[in-house]
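Observations on chain architecture
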Amino acid sequence: MVILSRATPPIDRARFEAEILPHLDSASNFARWMVRDPGLSEDVVQEAMLRALTYFAGFRGGDGRAWLLQIVRNTANSMLAQRQSQPQAASDEAAAMNVADPAHNPEEAASAMQGAALLARALAALPDELRECLVLRELEELSYKQISEVVGVPMGTVMSRLWRARQALLGADAGGAAHAS
Amino acid sequence: MQADPCEEFHLLIQADLDGELTANEAAEVAVHVAGCPACAKIQADLLGLRLRLRAELPRAAAGAATRAAVAKRLAAMPARPRTGARRSSWASFAGGIALAASILLLVPMVDLDGTGRELVAAHVQALQSGNPVAVESSDRHTVKPWFDGKIRFSPAVKDLTQDGFPLIGGRTEVIGGQTVAVMVYRRRGHLIDVFAWPSGTLETWRAALGLDGTGTRDGFATATWVSDGITYHAVSSTDGAEMVHFLGHWWEP
Ligand SMILES: [Zn+2]
């Protein structure tokens, strides 16, 4: 063991607080859906923020949210790869995700909870490359261009992944009420 | 599955929903959907799915622990004022380091420990040999190409003359069986050897976690950092404060 002090490049803290920090919630939400494990996703976000601080000197401005989410994605993938060999509690993935709060009427609440839980499970069960695109579009409301930046694929690929993700969820429809019509 | 005459409209309907179409394209979609029940259903399904996703899967906010960790880390960061003069950036960087140094970390060095010893030994040997550089130049455009063909990676060679750390040249060393690049800078009477090699996973993790840092080994000031997939390790007989200055300038864009 050796004692080291931390050394990181000097950064413009005010700029980091203005351009990156506001996207912390986005980072958290994206991380949760990427790793599907609340404990691990917390680690991923902390780690990603540390990386963001480390790399911020190289951030040339532009879309801070896409920049941060890209770091979150890389961090999640590397941490998932490190855990690859360890057993996962896959069956609890969906249950671990927060679903909607119960409504006022207990029966409606039970039904709504079930619907939300099924939806969460269906989303969690999507292949990674489809899920990340859909979460970025529907939950984070990123544009195709931003998603293309975060995921590192052409916009045409983003479009086809979104289409497949949506069709998969509409087809999953296990709990009924695929759409509220 | 049979060919769907409306298939070309599917991605357009989706893009319309996603706000990615021009007004003209959106109008085209609207005209088609108005006269095509199948596409109207697709549009309704996509919209219904969106409403459910946004209503039933509320976004997870960052946890309190994460917020606290980030705030703490940020407060301990060396800040560089946006319009500050170079001298003041030195001062704040050094101040940040001093602040950060109060958080000492116990880091398992694994094999990096042995490497660190080798690097110090290489620095000492280069000093004793009287030939600390194989290519002698203060021009980074001379030093950088000299490495071509000797190593397969591309280390940063910086011109820090104005900052008081003139480049004097470069050489290669074999450390742990691999050829590493050495950029040699001077600080007053001292040489600073900056060894560089492609980062391994472990080092990248250490850097990402903020575990790289400055320190001393066998009486020499050292610093380790990772940038663009390359690990740098500086060794010098100069003191720790100078090493911190050096690191601050190295990182300046
Ligand atoms: Zn149609």
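Located above this text is the structure these notes cover.
What you see is a predicted model, and the numbers here were worked out from it, not measured in a lab.

1. Here's the deal with the overall build of chain B
- The number of helices and strands found in chain B is nine helices and eight strands.
- Within chain B, buried positions represent 49% of all 253 residues.
- Considering only contacts in chain B between residues 6 or more positions apart, those separated by 24 or more positions represent 58%.
- Put simply, chain B shows about 12300 Å² of open surface, and 56% of that area lies on carbon and sulfur atoms.

2. Some thoughts on the coordination of the zinc ion
Residues and elements named next belong to chain B.
- Around the zinc ion, the protein contributes the donor atoms Cys-6 (SG), His-32 (NE2), Cys-36 (SG) and Cys-39 (SG), which lie 2.1 to 2.3 Å from the metal centre.
- Bound by four donor atoms, the zinc ion shows angles of 101 to 115° at the metal and therefore tetrahedral coordination geometry.
- Sequence spacing of the donors to the zinc ion: C-x25-H-x3-C-x2-C. For the pair His-32 and Cys-36, a shared accessibility class is recorded, and that class is buried.

3. Considering the pattern of salt bridges
- Summed over the entire model, instances satisfying the criterion amount to 19 salt bridges over all chains.
- Notably, a salt bridge pairs Arg-15 of chain A with Glu-19 of chain A, separated by 3.3 Å at the nearest N-O pair. With Arg-15 of chain A and Glu-19 of chain A both in helix H1 (residues 13-19) and four residues apart, this pair spans about one turn of that helix.
- Notably, a salt bridge pairs Glu-138 of chain A with Arg-166 of chain A, separated by 3.1 Å at the nearest N-O pair. Residue Glu-138 of chain A is located in helix H7 (residues 128-139), and its partner Arg-166 of chain A is located in helix H9 (residues 155-172); the two are separated by 28 residues in the primary sequence.
- We classify Arg-166 of chain A as buried; its relative accessible area is 0%.
- Residues joined by salt bridges that share partners form a network here, namely Arg-137, Glu-138, Glu-141 and Arg-166 of chain A together with Asp-18, Arg-50 and Arg-54 of chain B.

4. Focus on the nonpolar core
- The biggest cluster of nonpolar side chains holds 71 residues, and the ones touching the most others in it are Phe-16 and Leu-123 of chain A together with Leu-53 of chain B.
- Residue contributions to this core reach at least three from each of two domains, namely domain 1 (10-84) and domain 2 (109-180) of chain A.

5. A word on H9 of chain A
- Its 18 residues place the ends of H9 of chain A 25 Å apart at the C-alpha level, agreeing with the 26 Å of an ideal helix rising 1.5 Å per residue.
- Looking at H9 of chain A, one finds that the buried residues are Val-158, Arg-161, Leu-162, Trp-163, Ala-165, Arg-166, Leu-169 and Leu-170 of chain A.

6. Side note on the packing of aromatic side chains
- With the rule as written, the count across this model stands at eight aromatic pairs over all chains.
- Considering the side-chain rings of Trp-146 of chain B and Phe-147 of chain B, the 5.3 Å spacing of their centres and the 75° angle between planes classify their relative orientation as edge-to-face.
- Centre to centre, the rings of Tyr-232 of chain B and Trp-250 of chain B are 4.8 Å apart; their planes meet at 55°, and the pair counts as tilted. In this pair, Tyr-232 of chain B is assigned in strand E8 (residues 230-236) and Trp-250 of chain B in helix H9 (residues 240-251), connecting sequence segments 18 residues apart.
- Trp-250 of chain B gets classed as buried once you look at its relative accessible area, which sits at 2%.
- Here the aromatic cluster, defined as three or more aromatic residues joined through ring pairs, consists of Phe-16, Phe-56, Phe-59 and Trp-67 of chain A.
- Of note, Lys-158 of chain B hangs over the ring of Trp-250 of chain B, and the distance from its end group to the ring centre comes to 4.2 Å.
- Residue placement shows Arg-187 of chain B over the ring face of Phe-165 of chain B; its charged tip is 4.2 Å from the ring centre.

7. Looking at the environment of Met-159 of chain A
- When you line up the elements, Met-159 of chain A lands in helix H9.
- In sequence terms Met-159 of chain A and Cys-133 of chain A are 26 residues apart; their C-alpha atoms lie 8.9 Å from each other.

8. Focus on the environment of Val-244 of chain B
- Position of Val-244 of chain B relative to the elements: it lies in helix H9.
- Expressed as a C-alpha distance, the spacing of Val-244 of chain B and Ala-221 of chain B, which sit 23 residues apart in the sequence, is 9.5 Å.

9. What to know about the environment of Asn-131 of chain B
Residues and elements named next belong to chain B.
- Within the fold, Asn-131 resides in the loop between helix H6 (112-129) and strand E2 (135-136).
- Accessibility expressed as a relative area gives 56% for Asn-131, which makes it exposed.
- Taking C-alpha positions, Asn-131 is 9.5 Å from Arg-171, a pair spaced 40 residues apart along the chain.

10. Comments concerning H7 of chain A
- Between its first and last C-alpha atoms H7 of chain A spans 15 Å; for 12 residues at 1.5 Å apiece the expected length is 16 Å, and the two agree.
- Most of H7 of chain A sits inside the fold, with 10 of its 12 residues counted as buried.

11. A few points about unusual backbone geometry
Residue and element names in this part refer to chain A.
- Even without a glycine there, the phi angle at Arg-36 is positive, about 55°.
- Within the element layout of this structure, Arg-36 appears in the loop between helix H2 (24-35) and helix H3 (38-55).
- On the accessibility criterion, Arg-36 (17% relative accessible area) is buried.
- A positive phi angle, close to 55°, is found at Glu-141, a residue other than glycine.
- With respect to the helices and strands, the residue Glu-141 is situated in the loop between H7 and helix H8 (144-151).

Rules used in this analysis
Residues numbered from 1 in each chain as written. Chains lettered and ligands numbered in written order. Predicted model: local features only at pLDDT ≥ 70, side-chain atom pairs only at ≥ 80, totals over all residues. Heavy atoms only, no water. Helix = DSSP H or I, 4+ residues; strand = E, 2+ residues; numbered from the N terminus. Buried < 20%, exposed > 50% of the residue type's maximum accessible area, 1.4 Å probe, protein only. Contact = heavy atoms within 4.5 Å. Areas by Shrake-Rupley, 256 points an atom, 1.4 Å probe, with all protein chains shown as cover. Donors = N, O, S within 2.8 Å, 3.2 Å for Na, K, Ca; no water. Tetrahedral: all angles 85-135°; square planar, octahedral: opposite > 155°, others 65-115°. Salt bridge = Lys/Arg side-chain N within 4 Å of Asp/Glu carboxyl O. Core = buried A, V, L, I, M, F, W, Y, C linked by side-chain atoms within 4.5 Å. Domains from an automatic or database assignment. Expected span 1.5 Å × (residues − 1). Phe/Tyr/Trp six-rings, centres within 6.5 Å; stacked < 30°, edge-to-face > 60°. Lys NZ or Arg CZ within 6 Å of the ring centre and 35° of its normal.

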